[in-house]
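The primary structure of each chain is shown beneath.
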Amino acid sequence: MTLFFACVASLIIGYAIYGKVIERIFGIDSERKTPAYTMQDGVDFTPMAKWKLIFIQVLDIAGIGPIFGPILGALYGPAALIWIVIGGIFAGAVHDYFSGMLSIRNRGENMPDVVGRYMGMPARHLMRVFAMVLLLLVGVVFVLAPAKLLTELTGVQTGILVAAIFGYYFLATILPIDKLIGRLYPLFGMLLLVMTISVAVALFASDHSILPNTDFLANVHPKTLPIWPLLFITLSCGAISGFHCTQSPLMARCCKNECEGRSVFYGAMIIESIIALVWATVGMSFYDNPEALQAVIASGSPSAVVSEASRALLGTLGGALSIIAVVILPITSGDTAFRSARLIVADALKLNQRPVAKRLYVAVPLFIIGYIISTQNFSMIWRYFGFANQCLSAMMLWTAAVYLARHAKLHWIASLPATFMTAVVVTFILNAQIGFNLPYNVSVIAGIVAAIATMVAFMIKYGMNRVPMAEEVLASDSADA
């Protein structure tokens, strides 16, 4: 129990201290008008209260990632908790903050355009392809996953629930953001936090031994899968996820002031990390050993763990409410995934999204494609999701590093985690069966070499400018031009 609370405290302290450092290095300008005002259209660019933005951002970025990912990560042991804390503070929250703030600084642009602005047109096109594939896959899977959970809870046929969720997604995609998402998400967010805390309290009050294994170096995975790089691909949401950078521009278009960015972007990621800590702890504590956890996952995916643990810890009613709270996560990310896809396509085609008809021009084809995908066996494509997701995160961090270097700011806050994630994705795709299937040792060495080479190339091109010392940055409150 002490370990869990130490991890939570570390995340909160990280937000209070490192989050402030990141904010100072970026250089917010509280006098600068945000896109919510300069481009206000009553549809996507709409000023909203900060507390609403925080809840919406948490639900936008979360999906089932900070629950299913940590449950799978729990198979590796306490190393998962360390990754959530370190990754959340120094990589994930930095990634989310810059994806949101660079969008604010650039007229609410979506990430492909932001990446292209700093990394060039090839990077823009690559980011656009990666983002669209991810968003459509996320949108479809986040229809099927909650539908199956609701079927277990209600007995209603999955097909009926899929149709109902798709219908909701369509409305959430085309309606002004403050009409449906802005009104429902704060309530959903409150339910999610209440039920997450309830699960944690019930676990600590139970007879289960809380985090019985505290050996962070031990890999206890039943299949002896290597921690490097698989843990960092499997446990993405809660630590760092490239999907988040596709969602941050939604709230960047609604922020009233740049000073809200730390709470909305950095803070939302820290909240997600705390949710991930809870479910990783459930995975390591509710079951007697990793083999027992693996057996439940194999029998019904991580959703079986959610259902079994929630009902056992909270009873029938409490378990049902907890499952509903978990169902909310994929639904409230699936709808914004389609909404983000609409905006990326609209921006690429330069279509004004104020008229309803033009929103439909983009949304209807997207949903037709989404429906077709949902009827196919796309398990092979989905196996690449983790790799593609973390490629996006590395690309976004390198974009932030380039931005900082060009403005003679402390780029290490982005370039170091970018280098780390580059090593992760290169090692994974070289070693994975769905990739090049090279020997593990060869893949690890090649991944490290590729990451170092990327950092060297970055330093040669961007990093040789004078970079201000940290104390100079902290003493400066000036914003970028």
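Going by what an unreviewed UniProt entry lists, the protein is known as Carbon starvation protein, predicted membrane protein and is assigned to Desulfocurvibacter africanus PCS. Note on the protein: under the UniProt heading Subcellular location (unreviewed entry), the record states "Cell membrane". A UniProt comment under Sequence similarities (unreviewed entry) is attached to the protein, and it reads "Belongs to the peptide transporter carbon starvation (CstA) (TC 2.A.114) family."

**Student:** Teacher, can you tell me more about a nonpolar patch on the surface here?
**Tutor:** Together, Val364, Ile368, Tyr371 and Ile372 give the surface a local cluster of nonpolar side chains, amounting to about 380 Å² of exposed area. Note on placement: Ile372 falls in helix H14 (residues 356–374). For Ile372, a relative accessible area of 45% translates into the label partly exposed.

**Student:** For this particular structure, what's the right way to read the packing of aromatic side chains?
**Tutor:** By convention here, two paired aromatic rings are described through the distance between centres and the angle between planes. As enumerated under the stated definition, the model contains 26 aromatic pairs in all. With a centroid separation of 6.3 Å and 70° between ring planes, the pair formed by Phe166 and Phe367 is classed as edge-to-face. A residue pair is termed long-range when its members are at least 10 positions apart, and Phe166 in helix H8 (residues 158–174) and Phe367 in helix H14 qualify at 201 residues. The residues Phe166 and Phe367 share a single accessibility class, namely buried. Pairing Phe232 with Phe420 gives two aromatic rings, centres 5.4 Å apart and planes at 85°, and the pair type is edge-to-face. Here Phe232 is found in helix H10 (residues 227–234), whereas its partner Phe420 is found in helix H17 (residues 412–431), with 188 residues between them in sequence. Accessibility expressed as a relative area gives 10% for Phe232, which makes it buried. Phe420 sits in the partly exposed class, given a relative accessible area of 32%. Chaining the aromatic ring pairs together yields one cluster made of Phe166, Tyr168, Tyr169, Phe170, Phe338 and Phe367.

**Student:** In this structure, what is going on with unusual backbone geometry? I would like to understand it.
**Tutor:** Residues other than glycine predominantly adopt negative phi, and peptide bonds predominantly adopt the trans conformation. A cis geometry characterises the amide bond from Trp228 onward to Pro229, with omega recorded as 0°. Tracing the chain through its elements places Pro229 in helix H10. For Arg107, which is not a glycine, the phi torsion comes out positive at approximately 60°. Examined against the element boundaries, Arg107 turns out to sit in the loop between helix H5 (79–105) and helix H6 (111–119).

Reading the values: rules and limits
- Position labels on residues start from 1 in each chain and follow its written sequence.
- Residue-level local features of this predicted model are given only where pLDDT is at least 70; pairs of side-chain atoms are given and counted only at 80 or more, and the full residue set underlies all totals for whole chains, interfaces and linings.
- Only hydrogens and water are removed before side-chain values are computed, so all heavy atoms of the structure are retained for them.
- UniProt positions are given in the numbering used here, feature names are shortened, and annotations may be inferred rather than shown by experiment.
- Patches draw on residues past 30% relative accessible area with no salt bridge. Two like charges within 9 Å are joined, as are two nonpolar side chains (Val, Leu, Ile, Met, Phe, Trp, Tyr) within 5 Å.
- For accessible areas, the Shrake-Rupley method is used with a probe of radius 1.4 Å. Any residue's cover is judged against the shown protein chains and nothing else.
- A pairing counts as a salt bridge when a side-chain nitrogen of Lys or Arg comes within 4 Å of a carboxyl oxygen of Asp or Glu.
- Numbered from the N terminus, helices here are DSSP runs of H or I no shorter than four residues, and strands are runs of E no shorter than two.
- Each residue is assigned to one of three classes by its accessible area relative to the maximum for its type, calculated with a 1.4 Å probe on protein chains only: buried under 20%, partly exposed between the two thresholds, exposed over 50%.
- Stacked, edge-to-face and tilted labels apply to pairs of Phe, Tyr and Trp rings (six-membered ring for Trp) whose centres lie within 6.5 Å, assigned for plane angles under 30 degrees, over 60, and everything in between, in that order.

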